[in-house]
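# Overview (structure and organization)
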Amino acid sequence: ETGVTQSPTHLIKTRGQQVTLRCSSQSGHNTVSWYQQALGQGPQFIFQYYREEENGRGNFPPRFSGLQFPNYSSELNVNALELDDSALYLCASSRDFSSTDTQYFGPGTRLTVL
Amino acid sequence: DQQVKQNSPSLSVQEGRISILNCDYTNSMFDYFLWYKKYPAEGPTFLISISSIKDKNEDGRFTVFLNKSAKHLSLHIVPSQPGDSAVYFCAASFPNTGNQFYFGTGTSLTVIP
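The paragraphs below set out a description of the structure included in this document. (Residues numbered from 1 in each chain as written. Chains lettered and ligands numbered in written order. Predicted model: local features only at pLDDT ≥ 70, side-chain atom pairs only at ≥ 80, totals over all residues. Heavy atoms only, no water.)

## What to know about the packing of aromatic side chains
Selection criterion: Side-chain rings of Phe, Tyr and Trp (the six-membered ring for Trp) are treated as a pair once their centres are within 6.5 Å; stacked means planes under 30 degrees apart, edge-to-face means over 60, and tilted covers the remaining angles. Secondary structure elements follow DSSP: runs of H or I no shorter than four residues count as helices, runs of E no shorter than two count as strands, and numbering proceeds from the N terminus. Summary of the burial criterion: residues with accessible area below 20% of their type's maximum are buried, those above 50% are exposed, and those between are partly exposed, where the area comes from a 1.4 Å probe applied to protein chains only.
Tallied over the entire structure, the rule returns 17 aromatic pairs over all chains. A ring pair is formed by Phe 30 of chain B and Phe 94 of chain B, whose centres lie 4.3 Å apart and whose planes are at 20°; its orientation type is stacked. Here Phe 30 of chain B, found in the loop between β3 (19–25) and β4 (32–38), pairs with Phe 94 of chain B, found in the loop between β9 (86–93) and β10 (102–103); they are 64 residues apart in sequence, far enough to count as distant. Seen in terms of ring centroids, Tyr 32 of chain B and Phe 101 of chain B are 6.5 Å apart; in terms of plane orientation they differ by 55°. Their pairing is tilted. Taken together, the residues Tyr 32 of chain B in strand β4 and Phe 101 of chain B in the loop between β9 and β10 connect sequence positions 69 residues apart. Taking the relative accessible area as the measure of exposure, Tyr 32 of chain B reaches 11% and is therefore buried. A relative accessible area of 2% places Phe 101 of chain B in the buried class. Each member of the aromatic cluster is reached from another via a ring pair, and the members are Tyr 35, Phe 45 and Phe 105 of chain A together with Tyr 36, Phe 46, Phe 89 and Phe 103 of chain B.

If you want it as structure tokens, here you go:
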């Protein structure tokens, strides 16, 4: 039990639609990171937020965006969904944004794009 | 381009024996490395870490070895227990990039009772 929750558990969308995924971090954790894990692959870093501002981004297009709120919740938004966006989306929270701070992962949201 | 690689998708080991999971990386600028363990329907959980200034770190049954010249990382589990059966990911980060980790593709470990 990491104290990090994600909703929904599963989601089915069609190509071109928009989706919002939600994450609730541990209290006191000021950093949230989002990862995409395609089938058979390791997690790929999308971006991280620290105190409600994006402060690191991986190789993902601008249609992937996020928000972090003061109540330790956050969102990942994906516009204009493509078939290749089908994946498990993981959020992870940590107290700070140092690489040595332990990240606590949620169980993920499984997104299927048809 | 996969900068962190785990070339063994699966590994089976008898209970009580040693499990050795391997990880290779391509970029010598990585300075911090992690191993995560993942059970089905759960997120990855942190297992052990090592900084590039060290070549070994131990935590109970788990030891991580870092060979910088070979760009190779390994995780040793001794003795292996059935509860260790999970997918193991190695991950690496560059200096001053926060939580931006590059993950390998994972190795599924099965410990046979």
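Read on, since the account is not over.
## Quick word on the interface of chain B and chain A
The condition is simple: By definition, residues are in contact when any of their heavy atoms lie within 4.5 Å. The term buried area denotes the loss of accessible surface (1.4 Å probe radius) that occurs when two parts are joined, taken as the sum for both partners. What counts as a salt bridge is simple: a side-chain nitrogen of Lys or Arg found within 4 Å of a carboxyl oxygen of Asp or Glu. Pairing of N or O atoms within 3.5 Å defines a polar contact, subject to two protein rules: one partner must be a possible hydrogen donor and the other a possible acceptor, and residues neighboring in sequence count only if both atoms are side-chain atoms.
The partner chain A presents 27 residues to the 19 residues of chain B that form the contact. Across the chain B/chain A interface, buried area totals approximately 1,600 Å², and carbon plus sulfur atoms make up 55% of it. By the criterion of area lost to chain A, the three top residues of chain B are Asn 99, Gln 100 and Phe 103 of chain B, representing 35% of everything that side buries. Our count for the chain B to chain A interface comes out at zero salt bridges. At the junction of chain B and chain A, the tally comes to three residue pairs in polar contact (both at pLDDT 80 or more). Among the elements that take part in the side of chain B that touches chain A, β4 of chain B stands out by supplying three residues, more than any other.

## Quick look at the nonpolar core
Across soluble globular proteins, you tend to see nonpolar side chains buried next to one another. Basically, it comes down to this: For this analysis, a nonpolar core means a set of buried residues of the types Ala, Val, Leu, Ile, Met, Phe, Trp, Tyr and Cys, connected via side-chain atoms within 4.5 Å.
Within the largest apolar cluster, 24 residues are counted, with the highest numbers of intra-cluster contacts made by Phe 33, Trp 35, Leu 73, Leu 75 and Tyr 88 of chain B. Within the residue set of this core, elements represented by two or more residues are β3, β4, β5 (45–51), β7 (62–67), β8 (72–77), β9 and β11 (107–112) of chain B. Ranked by size, the runner-up nonpolar core spans 20 residues in total, among them Leu 21, Trp 34, Phe 47 and Val 113 of chain A.

## Examining the state of the cysteines
Note the following rule: Disulfide: a pair of cysteine sulfur atoms within 2.5 Å of each other.
For the coordinates displayed, the defined rule picks out two disulfides over all chains. Covalently, Cys 23 of chain A is tied to Cys 91 of chain A through a disulfide, its sulfur atoms 2.0 Å apart. The sign of the S-S torsion, about 75°, decides the handedness of the disulfide formed by Cys 23 of chain A and Cys 91 of chain A: right-handed. Highlighted residues: Cys 23 of chain A in strand β3 (residues 19–24) and Cys 91 of chain A in strand β9 (residues 87–94), separated in sequence by 68 residues. Assigned by exposure class, Cys 23 of chain A and Cys 91 of chain A land together as buried. Each disulfide pairs two cysteine sulfurs, and for Cys 23 of chain B the partner residue is Cys 90 of chain B, the sulfurs being separated by 1.9 Å. Around the S-S axis, the bridge from Cys 23 of chain B to Cys 90 of chain B shows a dihedral of about 70° and counts as right-handed. Remark: Cys 90 of chain B occurs in strand β9 and Cys 23 of chain B occurs in strand β3; sequence separation between them is 67 residues. With relative accessibility at 0%, the residue Cys 90 of chain B sits in the buried group.

## Thoughts on a nonpolar patch on the surface
To keep things clear, this is the line we draw: To count toward a patch, a residue needs a relative accessible area over 30% and no salt bridge; like charges are then connected within 9 Å, while nonpolar side chains (Val, Leu, Ile, Met, Phe, Trp, Tyr) are connected within 5 Å. Per-residue and other accessible areas follow the Shrake-Rupley method at a 1.4 Å probe size, with only the shown protein chains counted as cover for residues.
Together, Ile 18, Ile 20 and Val 78 of chain B make up an exposed nonpolar region whose accessible area comes to about 230 Å². Take Ile 18 of chain B: it is sitting in the loop between β2 (10–14) and β3.

## Considerations on the pairing of strand β6 (residues 56–59) of chain B
Residue and element names in this part refer to chain B. Selection rule: DSSP calls a pair of strands paired once it identifies at least 2 bridges connecting them.
As judged from the four bridges shared by β6 and β7, these two strands associate in the antiparallel manner. Bridged to Asn 57 within β7 is Val 64. Hairpin connection, β6 to β7: the antiparallel pair is bridged by two residues, and Gly 60 has positive phi, about 60°.

## Some thoughts on the side chain of Lys 37 of chain B
Residues and elements named next belong to chain B. Cut-off, in case you're wondering: Working convention for charge: Lys and Arg count positive, Asp and Glu count negative, and His plus the chain ends are omitted.
With respect to the helices and strands, the residue Lys 37 is situated in strand β4. Although Lys 37 is buried, it makes no salt bridge; Asp 84 carries the closest opposite charge, 4.1 Å away. A polar contact of 2.9 Å, which involves the side chain of Lys 37, links it to the side chain of Tyr 39.

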